[in-house]
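What follows is each chain in one-letter form.
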2 protein chains.
Amino acid sequence: MGKLTAQAIAERALEIGDAEGLDAVTIRRLATDLGVTPMALYWHYKNKELLLLGMADHLIGGFAPRPADERPWQAQLRDLTEGLIRTLRAHPCAKNVLEQIDPVAAPNFLQVWDRALALARSAGFSVEESCLLTKYLLQSAIAIADAPVHFTAGKSSEEIEQLARAKRFGLQSLSAERYPHLVEMAEPMAGGVDPAMYDTFGVDLVLGGIEALAARR
Amino acid sequence: MGKLTAQAIAERALEIGDAEGLDAVTIRRLATDLGVTPMALYWHYKNKELLLLGMADHLIGGFAPRPADERPWQAQLRDLTEGLIRTLRAHPCAKNVLEQIDPVAAPNFLQVWDRALALARSAGFSVEESCLLTKYLLQSAIAIADAPVHFTAGKSSEEIEQLARAKRFGLQSLSAERYPHLVEMAEPMAGGVDPAMYDTFGVDLVLGGIEALAARR
DNA sequence: ACCTGAACACCGTTCAAGT
DNA sequence: ACCTGAACACCGTTCAAGT
């Protein structure tokens, strides 16, 4: 039915990756799912690397940063970061996908990066500083989006509890002499953290660092 | 001859990964390099996942965080971060390896994490906050260590210039309307950043964020 | 305890061929 | 332009067997 198109392939690949992990996204598996021969995919993507890139670009395509306005750069940068996090959060495999591609080859990623660069420059950072700072910001956003919040997505609360229990047990069975603080914190470590708290704390941390540095020049 | 031991396998695997990328680290390739049958490796590592874990642990094993002292937590946390970065910097494939393992299964990683947790707690952060904060700190250290500084390692200066030129060209050939700031910053983006500046700036950013948050409570 | 040999079920990719 | 079929060179891993 739905025609076989580069876009449709990327979408199906993301579905598989989100549901079963990126390792399950295989040319052959993907082709089977799409009711087509593996070689058919090679017409739309020259190789797997480009397929990954298509997945990444489609992923970030769900996020259109709002254009510059008159608010202070801090607020705009925070908006950008939170928006990106929300978008990535929708795809459990987002971090995995983004790790495997060259970001410079993904147009939609470049769009976000360019916005971040503009804001960094307007904050008074030098060209070099803005480069590092934006790399760092985007990287952090990806890390924050990949929080252990995923589990709450498609799974039943029993499954969540199951996973948390397993993780807690693993941490508690560690040597309490070697890792006293880890053992002590088994409870929150196991994933019992409020998602909203996680995000605001993470964004505060990143933005706080940037603002502190900006204030020093 | 060097006996075939789990340690020797992990070391050789790291050498391959550093020199040719983690994708080149294959059970069969590794076995050939070690002059042994692929199946021989399965005696020392039950599967590839555990081999990766062995690589990661051996990697971080090169870094022994100094014990707690009487200095303020900021200085100690900075020391820890810089030490970790230096260690990871020695292995170009470090980030790749660490991305593919469950950190909780790597004893040496847990050691560093525990130290970070202790410092976060002593800074006045709550248990939950310390969890998030340390996750974030370690993740950032890994990202900073993976800076585009690697290229200076084993390669000739001509090769470096070659790579930088290629990247610069790629950036400059982007649509200047769509990504004005990226094009404008092609030069530093292409990797022409002072490594020392990169590191101190990165650490300042991360530590600055943490200190700013600590000061607010 | 430590390693080999043969085999299995999978990969990504090429290349010629079909419509 | 878009897709198929057959083939190639690789994977990780199991299992029985050797010393």
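Analysis parameters
- Residues numbered from 1 in each chain as written.
- Chains lettered and ligands numbered in written order.
- Predicted model: local features only at pLDDT ≥ 70, side-chain atom pairs only at ≥ 80, totals over all residues.
- Heavy atoms only, no water.
- Phe/Tyr/Trp six-rings, centres within 6.5 Å; stacked < 30°, edge-to-face > 60°.
- Helix = DSSP H or I, 4+ residues; strand = E, 2+ residues; numbered from the N terminus.
- Buried < 20%, exposed > 50% of the residue type's maximum accessible area, 1.4 Å probe, protein only.
- Least-squares fit on C-alpha atoms with pLDDT ≥ 70 in both.
- Contact = heavy atoms within 4.5 Å.
- Near = heavy atom within 4 Å.
- Polar contact = N/O pair within 3.5 Å; in protein donor to acceptor, adjacent residues only side chain to side chain.
- Nonpolar A, V, L, I, M, F, W, Y, C, P; charged D, E, K, R; others polar.

- Labelled according to an unreviewed UniProt entry, chain A appears under the name TetR/AcrR family transcriptional regulator C-terminal domain-containing protein, originating from Nonomuraea rosea.

1. Quick word on the packing of aromatic side chains
Here is step 1 of the chain: Within the structure shown, the criterion is met by four aromatic pairs over all chains.
Here is step 2 of the chain: With centroids separated by 6.4 Å and ring planes inclined at 90°, the aromatic side chains of F201(A) and F125(B) adopt a geometry described as edge-to-face. Of this pair, F201(A) sits in helix α12 (residues 195–215) while F125(B) is found in the loop between α7 (107–122) and α8 (127–145), placing the two residues in two different chains. The two residues F201(A) and F125(B) agree in class, both being buried.
Here is step 3 of the chain: The interplanar angle of 70° and the centroid separation of 6.2 Å between the aromatic rings of F109(B) and W113(B) together place this pair among those described as edge-to-face. Highlighted residues: F109(B) and W113(B), both in helix α7, separated by four residues, approximately one helical turn.

2. A look at the relation of the copies chain A and chain B
Here is step 1 of the chain: Mapping chain A onto chain B calls for a screw motion: a turn of 180° about the axis and a shift of 0.0 Å along it, with 0.0 Å RMSD after fitting. The relationship between the two copies is best expressed as a two-fold rotation axis. For chain A, the residue whose C-alpha comes nearest the rotation axis is G209(A), separated from it by 1.7 Å.
Here is step 2 of the chain: Looking at the interface residues of chain A, 98% of them are also at the interface in chain B, so both copies use one shared face.

3. Looking at the protein's contact with DNA strand C
Here is step 1 of the chain: Taken together, the neighbourhood of DNA strand C is formed by 15 residues, with R28(A), K48(A), T37(B), W43(B) and H44(B) sitting nearest.
Here is step 2 of the chain: Among atoms of DNA strand C positioned within 4 Å of the protein, sugar and phosphate together represent 54%.
Here is step 3 of the chain: One of the backbone N or O atoms of K48(A) is found 2.8 Å from a phosphate oxygen in DNA strand C.
Here is step 4 of the chain: Here a phosphate oxygen of DNA strand C and a side-chain polar atom of H44(B) are 2.7 Å apart.
Here is step 5 of the chain: Sorting the residues of the surface near DNA strand C by element identifies α2 (27–33) and α3 (38–44) of chain A together with α3 (38–44) of chain B as the ones contributing at least two each.
Here is step 6 of the chain: No other element matches the four residues that α3(B) contributes to the surface near DNA strand C.
Here is step 7 of the chain: Its residues assigned to classes, the surface near DNA strand C comprises eight nonpolar, four polar and three charged.

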